[in-house]
Amino acid sequence: MNSNQESDLQTAAHFRKTRTIAIVGMSADPARASHGVGKYLASYYKIIPVNPDCQAILGYPCYPSISAITEPVDFINIFQRSERVTLFVEEARAKKPAVFWMQLGIRSPVARQALEEAGITVVENQCTKIEHARLNRMGLL
């Protein structure tokens, strides 16, 4: 098995174990990528939008921060500029998700190190919608 196949199996396992995804930076604007990704993920998971400027998105209550979420979160999906990701590390560590996923174009070595030290799997520069759909088509989900 090559490293891509191993990575696919690990990612698929995370998606299969996930029940709840907090989407940090989800937009109420249907033209934004975060909205489309959230709508897609809502077909498979309970989503929790995190955006201090919204009360609800897609009919789901919206939280102003990760720490304001009142239930366990399996997966945190980040739609923020790379330079802002470290602002969410401590809240994420406290919430203890299995996965902290940074969308396409988003990377933070500092955040990665701090989250991995807390036992959280980190994914950078990948789209959850694209990867979920691809793995689903492959029959891994």
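Rules of the game
Residues numbered from 1 in each chain as written. Predicted model: local features only at pLDDT ≥ 70, side-chain atom pairs only at ≥ 80, totals over all residues. Heavy atoms only, no water. Helix = DSSP H or I, 4+ residues; strand = E, 2+ residues; numbered from the N terminus. Rg over C-alpha atoms; globule rule 2.2 N^0.38 Å. Buried < 20%, exposed > 50% of the residue type's maximum accessible area, 1.4 Å probe, protein only. Contact = heavy atoms within 4.5 Å. Areas by Shrake-Rupley, 256 points an atom, 1.4 Å probe, with all protein chains shown as cover. Salt bridge = Lys/Arg side-chain N within 4 Å of Asp/Glu carboxyl O.

(A) Local environment of the overall build of the protein. The helix and strand tally for the protein stands at five helices and seven strands. The N-to-C order of helical and strand elements in the protein reads α-β-α-β-β-β-β-α-β-α-β-α. Relative to the compact-globule value of 14 Å for 141 residues, the protein shows a C-alpha radius of gyration of 14 Å, a close match. With respect to the three principal axes, the spread of C-alpha positions in the protein is 45 × 30 × 25 Å. By residue count, 47% of the 141 residues in the protein fall in the buried class. Taking the intrachain contacts of the protein between residues at least 6 apart in sequence as the baseline, contacts between residues at least 24 apart amount to 56%. Summed over all atoms, the accessible surface of the protein reaches about 7400 Å², with 50% contributed by carbon and sulfur.

(B) Summary view of the pattern of salt bridges. Tallied over the full model, the rule gives six salt bridges. Of the charged contacts, one joins D8 and R134 as a salt bridge, the two residues approaching to 2.7 Å between their closest N and O atoms. Of this pair, D8 sits in helix 1 (residues 3-17) while R134 is found in helix 5 (residues 128-137), placing the two residues 126 residues apart along the sequence. Relative accessible area serves as the criterion here: at 13%, D8 is assigned to the buried category. Taking the shortest distance from any N to any O, the salt bridge between R134 and E131 comes out at 2.6 Å. Of this pair, R134 and E131 both sit in helix 5, separated by three residues, roughly a single helical turn. Judged by relative accessible area, which is 13%, E131 ranks as buried.

The values reported here are purely geometric and, on their own, carry no functional implication.
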